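Observations on the model geometry
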Protein chains: 12
Amino acid sequence: MKILVLNGPNLNLLGSRQPDIYGATTLAEIEASTAEVARALALETEWRQSNHEGELVDLIHATRDGTGGIVMNAGAYTHTSVALRDAVAAVGTPVVEVHMSNIHAREEFRHVSLLAPAAIGQIVGFGPASYALGLRAIATHLTGRL
Amino acid sequence: MKILVLNGPNLNLLGSRQPDIYGATTLAEIEASTAEVARALALETEWRQSNHEGELVDLIHATRDGTGGIVMNAGAYTHTSVALRDAVAAVGTPVVEVHMSNIHAREEFRHVSLLAPAAIGQIVGFGPASYALGLRAIATHLTGRL
Amino acid sequence: MKILVLNGPNLNLLGSRQPDIYGATTLAEIEASTAEVARALALETEWRQSNHEGELVDLIHATRDGTGGIVMNAGAYTHTSVALRDAVAAVGTPVVEVHMSNIHAREEFRHVSLLAPAAIGQIVGFGPASYALGLRAIATHLTGRL
Amino acid sequence: MKILVLNGPNLNLLGSRQPDIYGATTLAEIEASTAEVARALALETEWRQSNHEGELVDLIHATRDGTGGIVMNAGAYTHTSVALRDAVAAVGTPVVEVHMSNIHAREEFRHVSLLAPAAIGQIVGFGPASYALGLRAIATHLTGRL
Amino acid sequence: MKILVLNGPNLNLLGSRQPDIYGATTLAEIEASTAEVARALALETEWRQSNHEGELVDLIHATRDGTGGIVMNAGAYTHTSVALRDAVAAVGTPVVEVHMSNIHAREEFRHVSLLAPAAIGQIVGFGPASYALGLRAIATHLTGRL
Amino acid sequence: MKILVLNGPNLNLLGSRQPDIYGATTLAEIEASTAEVARALALETEWRQSNHEGELVDLIHATRDGTGGIVMNAGAYTHTSVALRDAVAAVGTPVVEVHMSNIHAREEFRHVSLLAPAAIGQIVGFGPASYALGLRAIATHLTGRL
Amino acid sequence: MKILVLNGPNLNLLGSRQPDIYGATTLAEIEASTAEVARALALETEWRQSNHEGELVDLIHATRDGTGGIVMNAGAYTHTSVALRDAVAAVGTPVVEVHMSNIHAREEFRHVSLLAPAAIGQIVGFGPASYALGLRAIATHLTGRL
Amino acid sequence: MKILVLNGPNLNLLGSRQPDIYGATTLAEIEASTAEVARALALETEWRQSNHEGELVDLIHATRDGTGGIVMNAGAYTHTSVALRDAVAAVGTPVVEVHMSNIHAREEFRHVSLLAPAAIGQIVGFGPASYALGLRAIATHLTGRL
Amino acid sequence: MKILVLNGPNLNLLGSRQPDIYGATTLAEIEASTAEVARALALETEWRQSNHEGELVDLIHATRDGTGGIVMNAGAYTHTSVALRDAVAAVGTPVVEVHMSNIHAREEFRHVSLLAPAAIGQIVGFGPASYALGLRAIATHLTGRL
Amino acid sequence: MKILVLNGPNLNLLGSRQPDIYGATTLAEIEASTAEVARALALETEWRQSNHEGELVDLIHATRDGTGGIVMNAGAYTHTSVALRDAVAAVGTPVVEVHMSNIHAREEFRHVSLLAPAAIGQIVGFGPASYALGLRAIATHLTGRL
Amino acid sequence: MKILVLNGPNLNLLGSRQPDIYGATTLAEIEASTAEVARALALETEWRQSNHEGELVDLIHATRDGTGGIVMNAGAYTHTSVALRDAVAAVGTPVVEVHMSNIHAREEFRHVSLLAPAAIGQIVGFGPASYALGLRAIATHLTGRL
Amino acid sequence: MKILVLNGPNLNLLGSRQPDIYGATTLAEIEASTAEVARALALETEWRQSNHEGELVDLIHATRDGTGGIVMNAGAYTHTSVALRDAVAAVGTPVVEVHMSNIHAREEFRHVSLLAPAAIGQIVGFGPASYALGLRAIATHLTGRL
């Protein structure tokens, strides 16, 4: 089963970006450390990142090729993009929304996710582990196994 | 490591309560099905449920006995209880907030969690699997292992 | 047919509590004066009062024993308790919400009832008679007779 | 004792109007089925309906002829008419506000009644029975008998 | 003259709870250090604490036994409990609301006290001394002496 | 230790100003009746009043001469003056905010104090005794003695 | 010069309507007592009253017959009628808005006048004298004489 | 197929009413110029205008005589009338809402249409052509032909 | 009878200040042109202007010398000064609030007057004539003569 | 005359995207079915779609090549893009905004169009026919012919 | 060309006032360090500071003596003073608003400047350099030279 | 020292875009006229413009190559882009936000800048000169020289 792990704006700077909030691990390191979890779940993951809202919409659309699910950290677009929400609703691919930081303990505008109502669920606040938990969540959703 | 799995009001009715929203599984069945995950994570879990806000506060306080963490579905009190939020902040025991339904796809008053800023993170929308994911999240938080 | 007449916080002080708003009749006197209406409607009523939100939730849950309906004056919890609303939605027992004072002619925070969307209907402002009207309303709901 | 049963806009279409919300009973049928309750309460009822806010104001004014009370379903004007509220306050005739549907379980703008603070009380959500309950409420208000 | 010093949720953890906000003094130590002030004012104090909203309501009700006043730190319930406010209004016992931290310098939801309009007055921000000032305030209220 | 007792607009009219709200005692009488408390606390008090926001700012600035603290009833400026709040923050002199009336039981715009977050604490609602309590509060703050 | 004095809903009940707010003078008595002022200003006045929003719109439209101005007390429609505002803007006849009671000292919804931005000005709070002042205002507007 | 073209308050003044906003064409001239479009669409149109909300409700009710659709410019009532919205929902006749001016480029209170959710759709801003487009829209809705 | 005509900030610049809004007449010219009206009403007027909020408070206080009333254009302080409102309430001298421009047709923050609830009434929008109307209003208030 | 028919995010998925809301017709099919209307209006249409906000801005800019008008369905960007609104205002090309679904009968955030104030007008809710109506509207705007 | 550099409340305390926000430089030191920039721009500057809103209004009025412009740091009055805004609009002297701290990164009430709409522009956040930049901005505005 | 002058959407149309707001100068002409200021400040400037939010994020990211600062006019994205704000916070390159028009004197949605809290400061309203002032501000920030 192929899973798209989709990352939004500024996540390419993980590791150097505000490390007090986002930690010192790069996105590539997160991908590497999560690989074992993916294997255990028999998931093939494709990691993509873009700073462009339109490109993220395109990548969501492309999951109609049979991709089984999306683990999505939309970054800043979480709070401003109706286009991404509509894209998720349009393709029907199940989406698990993840965030590394606890968005509810930050500025008020980060408390609201426009994406969340179109996703299956949300995993927030566990740093790099949010991705691993996201993969487990999508796997459970697809297979029914905890 | 002992983990308290704490459940708030009306969760004792899981299985019969609005099954279109909460599913047909009882809380006992969720506990049973989650047992294997707990064992694999070397977690000893104690499941408690109460409809009384004060009793939930008391149970959070009791985790100062060395309980390593709390997986907490505060149910309706999620949206109204400052007392539970203060209790979490007071004891310092790490808390993972979980919800079975996707609260962001329901009535607007359910979108806001007063608890969330005091918790490590939040897992929302995966039905019974939210508990298993919550246990994994607390285990990762305590051990650093994904 | 058994009906639970459920009373929330501070209603045990009826008679002495702010008599300009709530009148000089005690809850026991209301129960007594309503008895004839109950008999005429062939309803067996059980009157309960608690200042504890959790206990009120428990009492609502207990109506799954075959109680036919609830006439409920949730007092102050009307305006703050999602737990009671969820309890009503969870058990499926039909609920008629009653208030003695006209909550719409008082402070603004009393104008909103969190319970009302989960109840069949609401009867507001008729003093002790709100209970008798509530019994009639539940009887009509259950029997179809005016 | 004469009671005016006053009905606002679109209530002349009861029976065919959105039957999932308002039921299949016409206003004339409600009047007929409520007649017995009125007789039992020794009330003479006059049923009026108008789609015109000004006419409803005129009809409220006319109750200064000695009409003992008003059971009033102001329909859509409930939520928008200060004129009706002022009319009720101006004439001093006691008013019981009734609604067939549970306005608190519908669109948010229907949750607020501009009339309610000027009425004795409100009866909401019992379908055609709201009228019978309204008559009982006005009778109790006038006679002191439950 | 007997005075109830009533403490709400999480105040049993004073001393260990968020000491940067609430200080390192326990509730028992505050009671002890305040004893001299009480004696000087000829007040007999009874200190109670509960995490249960309903129990706090019950304790307020119990002051109808002739207790002269209440010094009340309702903790988190300050901001959410209409039941406590109604209890204060119902019993008529004079209440001085106290808070140890300056609630106006904290999160916005702590700026509003639902209790305050029903109390005589409010003393906010003086740490353990808020209790001593509260006793002096109630004494002045009862005796007219500064 | 010198303490400035600073009074804002319209407090020069105490005694004749809305006596139902503010009582019949003049500011000079309050100063006189509080003198004994000040002596007992070994505080030298200087009482000032001005209707001019700028003059109040100047007087706060002047406390950098070694004045130990301010007991401040900013009157109407409490609710509108950022300048006074900034003055308090600028000089660092500890300030206890006092009000004679219970501002939380009056018009909604009086519920918010712009000053409060810059003060140590707030004493509200005890009539002339608010000043005496304010002096005790500042003394405790400066000496650590209850 | 002909002036329309236009009165909205419930003003036909002046004299008996809430005399604590509106006084004990009837609309006819106000017309009579204002006659001398009108004569002194060389104004011919036509007094009209209607409870019907549409009729008030019609009467405003009719001023295109050469009526020089309108003194208008729109009553409750002041706060709810965009139609009246648009009518005023459509005909171009100068309008002086008057109210007998001080609408700013009453319920909050009465503080806003939808009409005011389309009128020349507003006269509020002087009881029957508001009409005389309104006539003087329209006369000054038309003649330039104070 | 008969279509009602229904016009609300102040539209009888088109041509002379604020021509910078509404143009210099009268309603009769719009009817005349639209006649050809109606013929081409095989629609029989009946043009009605009223300044009375209640009469507009009555006219909507009357379309239950087999009228195929309504093109409706509710004027000022667009923004204030729940009664018209309920009338549209009650009769089931398809409604196309039209406005001559671009309501979204005017005062904020004109941006919201209470009618729109009950209509098929909305055509806004094209001057007299809004009516012709409205007829085309209703024709397409009824026939499926563009 | 002596009347204070009190003018707030920037009104000393009348004549040159934004003449499209405030006209080309100076405050002295308004005083002169209003003199005859004052004489006819047997009022002795004292015209004062200040840009200082505190000075305006002082001047209001000074009317306790037997001044019969105040005609007050508080300018910008209308919208921001609780101190002026409290001063008016404190002295009890009757106040007629006047504005030259139609504040309801300008920026939204000018629509609200903090003063209005403490005044007898308000006269808005008649340019220099607002002062003459204000004098007439205060004269009527004091003498009962139109 | 060349007209750009510009489509925003997710409209490339028309036909498969949430067919209960958007229907089963693809964008290409809509273009084809609208061709005849375009021909009849002597309009040359160029249909473009992009999921990229910046690309849509670029395409609007490109209409300065002499394109006569734009029929624009901005999809999700309707509700979030100031950039598109500014682009429309910057180029001066007349724009008709169209939507297939009735945005006023959907989620509240879809009720507001940031684009609308910069467009000539808006056509909402007619499914594929919204495009044909949009072409007619732009043609009328450019030629004056209905 | 003479420029008034006008400073509002608490700016006389620069250097000692909250140095983490405002730095350790006094206002006199800023004036000195800015002198060279002023000379280079051929501007004669007059530096004034007042804690009195009315005095600031007076100083703005005084610029009608031929002062070419104002660089104005209104301090706390920025957020509360309509009087200053009206003064700026009244005199017509061009004003550049400056702030030393980044008001947008502080408390929410500091984000809004009532002055800004009446000024040419705003310079925010550059510490003492905000004054030098302000002088350059006013010079460019007056001379057209960068 | 290299400085990026970054321009957002629609700024490529400067010169022809709404010249009453933005003036008749093109972006290239601004760059040219600012060159001398840049030289005097020993700054090497690179001017970039894009209509694509993602590309602007990429360009901000690219300043980690040693670019000393950014002068940024984010145009419409100022008010809607959390992604740009996060990008600024992520790279740590100092940013001076500039706007040509006075955004505080335009539509309300332009008053809020999401960028501002992440920037050093903001320069608003000086037309093309805003860029020159921005360069000076960044130079002062980097060198400490006015």
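The present account deals with the structure reproduced in this document. It should be emphasised that the depicted structure is a prediction, and the values quoted were computed from it without experimental measurement. (Residues numbered from 1 in each chain as written. Chains lettered and ligands numbered in written order. Predicted model: local features only at pLDDT ≥ 70, side-chain atom pairs only at ≥ 80, totals over all residues. Heavy atoms only, no water.)

**Looking at the arrangement of the chains**
- Left apart from each other, chain B and chain G have a closest C-alpha approach of 26 Å.
- A minimum C-alpha distance of 26 Å separates chain C and chain K, which share no contact. (Contact = heavy atoms within 4.5 Å.)

**A few points about the relation of the copies chain K and chain I**
- Take chain K, turn it by 120 degrees, move it 0.0 Å along the axis, and it overlays chain I with an RMSD of 0.0 Å. A rotation of that kind, with that shift, is consistent with a three-fold axis. Distance from the rotation axis, computed per C-alpha, reaches its smallest value in chain K at Thr80 of chain K: 4.2 Å. (Least-squares fit on C-alpha atoms with pLDDT ≥ 70 in both.)

**What about the pattern of salt bridges?**
- Following the criterion strictly, the structure yields 84 salt bridges over all chains and no others.
- Across the salt bridge formed by Lys2 of chain F and Glu46 of chain F, the nearest N and O atoms sit 3.6 Å from each other. Taken together, the positions of Lys2 of chain F in strand E1 (residues 2–7) and Glu46 of chain F in strand E2 (residues 44–49) put the pair 44 residues apart, joining distant regions of the chain.
- Judged by its relative accessible area of 28%, Glu46 of chain F falls in the partly exposed class.
- Taken together, the shared-partner salt bridges in this structure form one network comprising Arg17, Glu107 and Arg110 of chain A together with Arg85 and Asp86 of chain L. (Salt bridge = Lys/Arg side-chain N within 4 Å of Asp/Glu carboxyl O. Helix = DSSP H or I, 4+ residues; strand = E, 2+ residues; numbered from the N terminus. Buried < 20%, exposed > 50% of the residue type's maximum accessible area, 1.4 Å probe, protein only.)

**A word on the sheet that holds strand E3 (residues 69–73) of chain E**
- An order of E2(E)-E1(E)-E3(E)-E4(E)-E5(E)-E5(F)-E4(F)-E3(F)-E1(F)-E2(F) is seen for the ten strands of this open sheet, with the pairing classed as mixed. Every interior strand has two partners, whereas the edge strands, strand E2 (44–49) of chain E together with E2 of chain F, have only one. On average, adjacent strands in this sheet sit at an angle of 20 degrees to one another, irrespective of strand direction.
- As judged from the three bridges shared by strand E3 (residues 69–73) of chain F and strand E4 (residues 95–99) of chain F, these two strands associate in the parallel manner. Looking across to E4 of chain F, one finds that Ile70 of chain F is bridged to Val95 of chain F.
- Helix H2 (residues 27–40) of chain F rests against E1 and E2 of chain F of the sheet, and its axis sits at about 165 degrees to E2 of chain F. (Pairing = 2+ DSSP bridges. Axes fitted to C-alpha atoms, helices over the stretch in contact; angles between N-to-C directions.)

**As for the environment of Arg136 of chain E**
Residue and element names in this part refer to chain E.
- Counting through the fold element by element, Arg136 comes out in helix H5 (residues 129–143).
- Residue classification places Arg136 among the buried residues on the basis of a relative accessible area of 17%.
- Taking the C-alpha atoms as reference points, Arg136 and Val71, separated by 65 residues in sequence, lie 9.9 Å from one another.

**Section: the sheet that holds strand E4 (residues 95–99) of chain C**
- The strand order across the open sheet built from ten strands is E2(C)-E1(C)-E3(C)-E4(C)-E5(C)-E5(D)-E4(D)-E3(D)-E1(D)-E2(D), with neighbouring strands paired in mixed fashion. With partners counted over all chains shown, the strands left at the sheet margins are strand E2 (44–49) of chain C together with strand E2 (44–49) of chain D, one partner each. Neighbour-to-neighbour, the strand axes of the sheet open up by a mean angle of 20 degrees, direction not taken into account.

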